[in-house]
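Given next are the chains, with one letter for each unit.
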Amino acid sequence: RAGRKGGRAGGVAAAVRRAGREARRERVRAKEAAEEALLDAIRDRTVAGLAEAMAVAEAAGHCGEHADGKPWMTEVLKAARKVESSVLVGERSVALQSKLAKQLAQALHKYHGKMAQAPVREEPIGIDARGRAYFFFFADPHRLWVHAPPGCEDPPPWQWAFYDTAAQVREVLGSLDGSSPSAFPPTPHLGCHGSQASEAEFKRRLRELLPIISADMALEEVTNKEEGWMDSGHPYVGCKVLRIFEGVGPSTGKITRWLPADDDAGEGALFHVVHDADGDQEDLEEAEAEQAVSAHRDHEADVLLHPPVLEQPKYANKLEKKLLRLTPAHLGLEGARQEVLELEDFLAPLLRKVGAGWEAEGRGVEGPRDAWLLSFGAADTVSELAELLLTLEEAVHWLQTAPEGTERKPWRKEGHSFIGKHTRRFFENYGASDGRITGWLPADGDDPPLWHMVHGNDEDEEDLDETEVLFALQDYAEDRQQPTPEAIAYADKWRAAEAAVAGVPAPPAASPSRAASPPLAAAARPASRHRLWPSVEARERFRSCLRHARSPALVSLAATSFRVHCAAFGVLGWRPPRGKGDDDAQLALSAWVHADAFTGEEGKRRKK
């Protein structure tokens with residue numbers, strides 16, 4: 001009994017395994033059937049069919065979740081969902097286009113109806129390539145008339161005939177050759193003179209009038225129908241086909257009808273194909289039709305499952321000139337090196353011109369520039385490039401003769417009796433300039449009080465100490481045409497003190513006899529009124545940024561700002577022309593200072 005019991009247990013286990021294998025085979029068959037149904041639904045492109053096929057595929061195991069909870073699905077199910085989305089969008093688009101086309105047809109019908117009421121001669125709507133003229137009379141809206149004049153190509157046995165269904169009119173439209181340029185003017189209806197150009201124009205015109213012409217016609221064919229052809233009754237009717245023609249390439253089309261086989265005559269079935277691209281037509285035997293349908297299905301499945309990967313075009317900033325466009329060489333540490341080297345190349349000849357000692361005086365002698373270039377060749381870090389840029393800044397800053405400015409508090413607009421008073425100042429080669437006191441700064445520690453004057457003729461500005469403002473008030477009040485000897489003496493004293501601070505020889509003092517050709521422009525300024533930096537604090541911020549530089553971008557930005565400051569400095573022998581670039585220059589000059597501290601305009605007269 002024990003042996004029989006063990007045998008029965010082994011048989012049950014084997015049966016369970018067989019049932020498991022059969023269940024797995026059934027799941028595989030169901031999954032394959034679901035995949036085939038998905039491909040058929042994708043080919044049919046109907047919302048209902050896609051939804052049904054996707055539901056079956058999901059139940060058959062075409063989607064699920066990984067162990068980590070992330071969803072997955074097969075490629076064919078992904079393709080079906082994409083097609084469903086595109087079909088829904090297409091249906092909405094078709095509905096909208098249909099609505100717009102209906103509105104346009106109604107408007108055209110109304111327009112042509114009014115035109116038909118006018119007693120004018122009817123002209124043909126077009127002429128085909130064989131010379132046949134086509135007429136549409138609004139008094140007879142159920143027909144499209146055709147006139148074949150004597151002598152036309154392939155003359156028919158009739159002179160007048162008509163099409164009376166919308167289907168026939170659409171077939172006429174499909175048979176016309178529209179490949180000729182439609183820019184040709186329509187050919188006049190003179191005898192049988194037709195051409196491809198006139199046929200192309202006729203096709204364009206007939207397509208435009210098709211909604212009006214077919215509005216009152218019957219929809220289906222009722223006369224002149226070829227006997228035996230059927231538009232239903234075979235699964236190939238409505239299927240898409242793919243045909244390959246030698247010398248032309250692939251062409252897609254659609255089977256629109258079929259002719260059943262005639263066993264008595266020994267003739268097989270035929271299938272009528274209309275090609276998508278040009279409307280050409282052909283009849284295929286059953287084997288040819290089967291091959292064309294299968295080729296189109298294989299091609300469509302391959303495109304859906306393996307869509308072509310389009311190469312992305314390389315980006316190019318076409319709004320900028322080619323020479324000014326950035327390339328990978330302009331980025332990163334290499335780009336910063338190039339920026340600093342170009343800046344030194346720009347400064348070297350200008351430093352040589354003003355005798356700054358940047359280059360060695362004779363052969364065999366190593367100068368500062370030689371050491372700088374040697375260090376540049378070995379520099380391969382951001383901090384080393386920043387140190388080289390600081391060395392360049394020191395070489396240029398050494399040329400500055402004007403005293404450094406400081407960032408002070410804003411001017412006060414009230415609190416002193418001089419505010420709003422008229423003043424007069426004198427300048428060499430210019431003469432008298434009147435203005436007004438607009439602000440003042442009280443004394444602050446060792447700094448004396450100052451008054452801010454704005455000139456009325458050109459809105460230039462300057463700062464005056466207490467002695468200067470008293471001279472300016474008296475000169476205006478007494479309407480003087482030249483400065484007093486006391487004013488000239490004070491200006492000479494101030495000029496000598498400023499020259500000593502700048503480290504240059506004091507200029508000769510002005511005498512009252514020279515004051516007739518106003519001499520105070522040189523006395524009112526040091527040897528050069530231009531500064532490399534607007535203030536001591538601005539320079540220190542620039543140098544501090546470079547001392548703590550951590551990225552090539554900061555070095556490149558500092559080099560660009562320094563280049564603009566050098567150009568505005570002017571002592572290097574070149575100054576940018578004033579005009580369109582002023583705003584950009586001012587923006588760059590103010591990059592390292594407080595927005596309200598200095599304007600940076602070279603026309604302002606300031607004395608610290």
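Residues numbered from 1 in each chain as written. Predicted model: local features only at pLDDT ≥ 70, side-chain atom pairs only at ≥ 80, totals over all residues. Heavy atoms only, no water.

**Points about the overall build of the protein**
Formally: Strands are runs of DSSP state E lasting at least 2 residues, helices are runs of H or I lasting at least 4, and numbering of each runs from the N terminus. Each residue is placed in one exposure class: buried if its accessible area under a 1.4 Å probe, protein chains only, is under 20% of its type's maximum, exposed if it is over 50%, and partly exposed if it falls in between. The contact rule is simple, with two residues in contact once any of their heavy atoms fall within 4.5 Å. Residue exposure ignores everything except the shown protein chains as possible cover, and the areas themselves are Shrake-Rupley values with a 1.4 Å probe.
For the protein, the count of helices and strands is 15 helices and 14 strands. Looking at the protein residue by residue over its 608 residues, the buried ones come to 35%. Residue pairs at least 24 apart in sequence account for 58% of intrachain contacts in the protein once pairs closer than 6 positions are excluded. Accessible surface for the protein amounts to roughly 37,100 Å². Of this, 55% is attributable to carbon and sulfur atoms.

**Brief notes about the sheet that holds strand S13 (residues 450–455)**
Definition in use: At least two bridges found by DSSP between two strands are what make those strands a pair. To get an axis, a line is fitted to the C-alpha atoms, and for a helix only the part in contact is used. The angle between two axes follows their N-to-C directions and goes from 0 to 180 degrees.
Within the open sheet, the four strands sit side by side as S11-S12-S13-S14. Their pairing is antiparallel. Each edge of the sheet is formed by a strand with only one pairing partner; in this case those strands are strand S11 (422–427) and strand S14 (461–464). For this sheet, the mean inter-axis angle between neighbouring strands, taken without regard to orientation, is 40°. Relative to strand S12 (residues 431–441), S11 is paired through six bridges, and the arrangement is antiparallel. In the sheet register, Arg424 faces S12, and the bridge partner there is Asp434. Seen against the sheet, helix H10 (residues 466–477) touches S11, S12, S13 and S14 and runs at an angle of roughly 100° to S11.

**Quick notes on H10**
Our working rule: By definition here, a helix of n residues has an expected span of 1.5 Å times n minus one. Polar contacts, as used here, are pairs of N or O atoms within 3.5 Å; protein pairs need one atom able to donate a hydrogen and one able to accept it. Residues neighboring in sequence count only if both atoms are side-chain atoms.
With twelve residues, H10 should reach 16 Å at 1.5 Å per residue; the first-to-last C-alpha distance of 17 Å fits that figure. Restricting attention to buried positions, one finds in H10 the residues Glu468, Val469, Phe471, Ala472, Leu473 and Asp475. Capping the start of H10 is the job of one residue whose side-chain oxygen sits 3.3 Å from the backbone nitrogen of Thr467: Asp465. Of the residues flanking the end of H10, it is Asp479, one or two places downstream, whose phi is positive at about 55°.

**Considering the packing of helix H8 (residues 368–378) against helix H9 (residues 382–397)**
Which entries qualify depends on this criterion: Oblique is the label for any angle not under 35 degrees, not over 145, and not in the 65 to 115 range, which are roughly parallel, roughly antiparallel and roughly perpendicular in turn. If you view the pair so one helix is near and one far, a crossing is left-handed when the near helix is turned anticlockwise from the far one by less than a right angle, and right-handed when it is turned clockwise. Here the term charged refers only to Asp, Glu, Lys and Arg, the term nonpolar to Ala, Val, Leu, Ile, Met, Phe, Trp, Tyr, Cys and Pro, and the term polar to all other amino acids, Gly among them.
Two numbers describe how H8 lies on H9: the axes approach to 10 Å, and their chain directions differ by 165°. Overall, the two elements H8 and H9 adopt an arrangement that is roughly antiparallel. In this structure, H8 crosses over H9, and the sense of that crossing is left-handed. Residue-level inspection shows Trp372, Ser375, Phe376 and Ala378 of H8 in contact with H9, the latter providing Glu384, Leu385, Leu388, Thr391 and Leu392. Looking at side-chain class alone, the contact of H8 with H9 contains six nonpolar, two polar and one charged residues.

**Focus: the pairing of strand S7 (residues 240–245)**
Direction of pairing for S7 relative to strand S8 (residues 249–259): antiparallel, over a ladder of six bridges. Considered in S8, the bridge of Lys240 is made with Lys254. Once S7 ends, the chain turns through three residues before running back antiparallel as S8, passing Gly247 with a positive phi of about 85°.

**Some words on the packing of aromatic side chains**
So the rule is basically this: Only Phe, Tyr and Trp rings take part, Trp by its six-membered ring, and two of them pair if their centres are within 6.5 Å. Stacked means planes under 30 degrees apart, edge-to-face means over 60, and tilted covers everything else. Here, a charge over a ring is recorded when the distance from Lys NZ or Arg CZ to the ring centre is within 6 Å and its angle to the ring normal is within 35 degrees.
As enumerated under the stated definition, the model contains 14 aromatic pairs in all. Summarising the aromatic geometry, the rings of Trp533 and Phe542 are spaced 4.5 Å apart at their centres and angled 35° between planes, so their arrangement reads as tilted. Residue Trp533 is classed as buried on the basis of its relative accessible area of 1%. For Phe542, a relative accessible area of 0% corresponds to the buried category. The residue whose ring lies beneath Arg143 is Phe162, and the NZ or CZ to ring-centre distance is 5.0 Å. It is Arg337 that lies over the ring of Phe376; its NZ or CZ is 4.5 Å from the centre.

**Here we look at the sheet that holds S7**
Spatially, the four strands line up as an open sheet ordered S7-S8-S9-S10, and their pairing is antiparallel. The open sheet is flanked by S7 and strand S10 (281–285), the only strands paired with a single partner. In this sheet, adjacent strand axes meet at a mean angle of 45° when their direction is disregarded. Bridge count for strand S9 (residues 270–275) against S10 is five bridges, and the pairing is antiparallel.

**Brief notes about the pairing of S8**
Two faces, one strand: in a regular strand the side chains alternate between the faces of the sheet. In the sheet, S8 pairs with S9 via six bridges, with the strands oriented antiparallel. Its bridge partner lying in S9, Lys254 is registered against Val274.

**Quick notes on the nonpolar core**
Definition in use: Only buried residues count toward a nonpolar core, which is a set of Ala, Val, Leu, Ile, Met, Phe, Trp, Tyr and Cys residues joined through side-chain atoms within 4.5 Å.
Core analysis: the largest hydrophobic core is formed by 32 residues, its most contacted members being Leu347, Leu389, Leu392, Val396, Val555 and Phe562. Breaking this core down by element, the ones donating at least two residues are helix H7 (332–353), H8, H9, helix H13 (536–547) and helix H14 (552–569). Element by element, the count of residues in this core is highest for H9, at nine residues.

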